[in-house]
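Fold and geometry: a report
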Amino acid sequence: MQFAPFALRASSLKLIAALAVALLATAAPRSAQAEALLLVEADSGKVLHAENATYPWYPASVTKLMTTYVTLKAVKEGRITLDSVITVSPVAASQSPSKMGFRAGTLVTVDNALKMMMVKSANDMAVVLAEGVSGSIDAFSDEMNRTAQRLGMTQTHYVNPNGLPAEGQVTSARDLAILARAIIRDMPEYEYFVHIPAIRFGKRVTPNFNRLIGRYPGADGMKTGFICASGFNLVASATRDGRRLIAVVLGAPSSQARAIKAIQLLERGFSGNSLSWLQPALGSVDNLAPIDAMPPNLREEMCGPKRKRPASDESPEDLLASEQNAGNATMSFFSGLQTPSLRPVDMLAAAPAPTEPVVVYTGPKKSGAALIAAVEADSAKPAPKPRSKKQHAAIDKPAKPAASTAADTKAGAKPDSRKTVTLDPKTSVAKPAAAPKQAPRPAASAVKPADKPALSAAKPVADKPAADKPKAAKPAPKANTTDAKPAPESKPKS
């Protein structure tokens, strides 16, 4: 009986051990609803926390971190400069939102394109940079993939520079942490681009979708991302007491959840863990073993009938965050405290630290009076129309954006029509409007071509003049023009 307590203690230890084994088993990659989490030290690459860190994932707009890296590398190599002027092509203008919405032919500098891409997550600006650096989306994607291999991102493959849904566009939390470390290590003079709090284009002010910037002490980058298949992604960095950490969150259910997860990871790293000695050493991020699997597809969970989500990173939570007012207790958070005294959810509910948005504009580099005039000119331009629910739903279809961009780079005339369809929700009027332009040419030369528009416009009209062609030649174009004119008028009424 004297050994009964020891026997009980031994059985308790066995039970604890069994529970530990069960917990380790559940830590393996789970269903598609699982998240991927990773926390590393920026300098050493030491892994402080990892969950599904080497599980393949769709990158979404965090792809733009590699677009930024490749672009800035080209700047450092002298292939382009930040003041180089690039033209918005029809391919760039046809990209799905989130985007700036510039028309084809608009000029923009590399510097402004980078700022717009990183703050607003502008998909059109990513293509502008890709074409400006490498000439085409395909050539730039090849350069992105070569860079990924050189950095040791063995689980990453790129198809486009903006992260829109495409077959074969994949990464992992491990690879994204490697990329974030490379940006910090190789581009210190250009790191400004990854932590701009907000931009001002004309009258529009767009806050950074990374809600940690200006709210979490020491937050200094980097990029968010969202498509239905990936969930809400975030690569975030923060520095405290000279120590910089990188947190990666993939597959969060909302922009709020991904920000909270990142804050929790960073707090865990900065505060330290008194029980860390019980945990096995995870080594360096480069040494994490990749998992050979298909990326989870979260489309049903993120954008299914029960959970309607935006088809871009422009989450309503992010757009409204900068408009929320903070109380006195919240404002004390920004008054020099080194460690947060609020819960993560309270931090995110607070207004960001006061800052002046960075002015961006179209055209070549300007300063002084010329810059003021450019800003006023951009302010006078009409703001893009809000997207409809149908446009939101159509944006996030996989593979189609990649196929269209690849085809557009080869065909010169196709992008114009696609651009019109994408930019103007009322493009059903555009196709009939193109016919009258071609109708006058055949009408002046022959009678038979004039009959063809009449046949396509209305069969009853074409059947009557069939017996007397000379008389039908004159009314045919009139019928065409009258058919073309009411279309734009009747459509807005409906």
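Here, the structure is the one placed above.
Rules behind the numbers
- Residues numbered from 1 in each chain as written.
- Predicted model: local features only at pLDDT ≥ 70, side-chain atom pairs only at ≥ 80, totals over all residues.
- Heavy atoms only, no water.
- Helix = DSSP H or I, 4+ residues; strand = E, 2+ residues; numbered from the N terminus.
- Buried < 20%, exposed > 50% of the residue type's maximum accessible area, 1.4 Å probe, protein only.
- Contact = heavy atoms within 4.5 Å.
- Areas by Shrake-Rupley, 256 points an atom, 1.4 Å probe, with all protein chains shown as cover.
- Disulfide = S-S within 2.5 Å.
- Salt bridge = Lys/Arg side-chain N within 4 Å of Asp/Glu carboxyl O.
- Pairing = 2+ DSSP bridges.
- Axes fitted to C-alpha atoms, helices over the stretch in contact; angles between N-to-C directions.
- Expected span 1.5 Å × (residues − 1).
- Core = buried A, V, L, I, M, F, W, Y, C linked by side-chain atoms within 4.5 Å.
- Polar contact = N/O pair within 3.5 Å; in protein donor to acceptor, adjacent residues only side chain to side chain.

Here's the deal with the overall build of the protein
Tallying secondary structure elements over the protein gives 23 helices and 10 strands in all. Within the protein, the proportion of its 494 residues that are buried is 46%. By sequence separation, contacts in the protein at least 24 residues apart represent 69% of the contacts at least 6 residues apart. In the structure as shown, the protein presents an accessible area of about 24,300 Å², 59% of it carried by carbon and sulfur atoms.

Remarks on the side chain of Glu191
Summarising the element assignment, Glu191 is placed in the loop between α7 (173-186) and β5 (198-201). The class for Glu191 is buried, based on a relative accessible area of 12%. When neighbours within four sequence positions are excluded, Glu191 is seen to be in contact with Ile184, Asp220 and Arg244.

Focus: the state of the cysteines
Tallied over the entire structure, the rule returns one disulfide. Here Cys228 engages in a disulfide with Cys303; their sulfurs sit 1.9 Å apart. Disulfide Cys228-Cys303: torsion about the S-S bond near -90 degrees, hence left-handed. Within this pair, whereas Cys228 is found in the loop between β7 (219-227) and β8 (231-240), its partner Cys303 is found in helix α9 (residues 299-303), the two being separated by 75 residues in sequence. For Cys228, a relative accessible area of 3% corresponds to the buried category.

Details of the pattern of salt bridges
On inspection of all chains with the given rule, the structure shows 14 salt bridges. Two residues, Glu77 and Arg79, come together in a salt bridge whose shortest N-O distance is 3.4 Å. A relative accessible area of 40% places Arg79 in the partly exposed class. Where Asp286 meets Arg181, a salt bridge forms, and the shortest distance between an N and an O atom there is 3.6 Å. Of this pair, Asp286 sits in the loop between α8 (255-271) and α9 while Arg181 sits in helix α7, placing them 105 residues apart in sequence. With a relative accessible area of 35%, Asp286 lands in the partly exposed category. Each of Lys73, Glu77, Arg79 and Glu143 takes part in one network of salt bridges that share partners.

Some thoughts on the sheet that holds strand β10 (residues 358-360)
Sheets are built from strands paired through backbone hydrogen bonds, the pairs being either parallel or antiparallel. If you walk across this open sheet you meet the three strands as β6-β5-β10, and the pairing is mixed. Edge positions in the sheet fall to β6 (204-207) and β10, since each of these pairs with one other strand and no more. Taken over all neighbouring pairs, the strand axes of this sheet differ in orientation by 30 degrees on average, direction set aside. As judged from the three bridges shared by β5 and β10, these two strands associate in the parallel manner. Paired with Ile199 across the bridge in β10 is Val358. Across the sheet, helix α4 (residues 110-120) lies against β5, β6 and β10, angled at about 120 degrees from β5, the strand it touches most.

Digging into helix α2 (residues 64-76)
Think of an α-helix as turning once every 3.6 residues; residues three or four places apart then point the same way. A rise of 1.5 Å per residue sets the reference length of α2, with its 13 residues, at 18 Å; its end C-alpha atoms lie 18 Å apart and thus fit the reference within 8%. Along α2, the positions that sit buried rather than exposed are Lys64, Leu65, Met66, Thr67, Thr68, Tyr69, Val70, Thr71, Leu72, Ala74 and Val75. The inward-facing, buried residues of α2 abut α4, α5 (123-134), α6 (137-151), α7, β7 and β8. At the C-terminal side of α2, Gly78 shows a positive phi close to 85 degrees.

Side note on unusual backbone geometry
With an omega of 10 degrees, the peptide bond between Pro97 and Ser98 qualifies as cis. Of note, Ser98 is situated in the loop between α3 (90-93) and β4 (107-109). Put simply, Gly221 and Met222 share a cis peptide bond, and its omega is 5 degrees. Its identity as a non-glycine residue notwithstanding, Ser121 has a phi of 60 degrees, on the positive side. On the secondary structure map, Ser121 appears in the loop between α4 and α5. Residue classification places Ser121 among the buried residues on the basis of a relative accessible area of 1%.

Considering the pairing of β5
Note on strand geometry: in a regular strand, side chains alternate between the two faces of the sheet. Note: β5 against β6, four bridges, orientation antiparallel. Among the inter-strand pairings, Ile199 is bridged to a residue of β6, identified as Thr206. Joining the antiparallel neighbours β5 and β6 is a turn of two residues, in which Gly202 adopts a positive phi near 60 degrees.

Some words on the environment of Arg343
Examined against the element boundaries, Arg343 turns out to sit in the loop between α11 (328-331) and α12 (344-349). Residue Arg343 is classed as exposed on the basis of its relative accessible area, which comes to 53%. For Arg343 and Ile263, which are 80 residues apart along the polypeptide, the C-alpha to C-alpha distance reads 9.5 Å.

Considering α4
When you tally the buried positions in α4, you get 11 out of 11 residues, the bulk of the element. For α4, the complete set of buried residues consists of Val110, Asp111, Asn112, Ala113, Leu114, Lys115, Met116, Met117, Met118, Val119 and Lys120. Phi turns positive, to about 60 degrees, at Ser121, one or two residues after α4.

Overview of the sheet that holds strand β1 (residues 36-41)
Strand order in the open sheet formed by five strands is β2-β1-β9-β8-β7, and the pairing between neighbours is antiparallel. The sheet is open, and its two edges are formed by β2 (47-51) and β7, each paired on a single side. Put simply, the sheet's adjacent strands are angled 5 degrees from each other on average, direction ignored. In terms of strand pairing, β1 meets β2 through four bridges, oriented antiparallel. Along β2, the bridge assignment pairs Leu37 with Glu51. Sheet strands in contact with α7 are β1, β7, β8 and β9 (243-252), and its direction is about 145 degrees off that of β9.

Some points on the nonpolar core
In this structure, Leu38, Met66, Met125 and Leu212 are the most contacted members of the largest nonpolar core, which totals 99 residues. Look past the residues within four positions of Leu212 in its chain and what remains in contact with it is Ala219, Leu234, Ala236, Ala259, Ala262, Ile263 and Leu266.

A short note on the side chain of Ser98
With a relative accessible area of 2%, Ser98 lands in the buried category. For Ser98, the side chain forms a polar contact with the main-chain oxygen of Lys120, separated by 2.8 Å.

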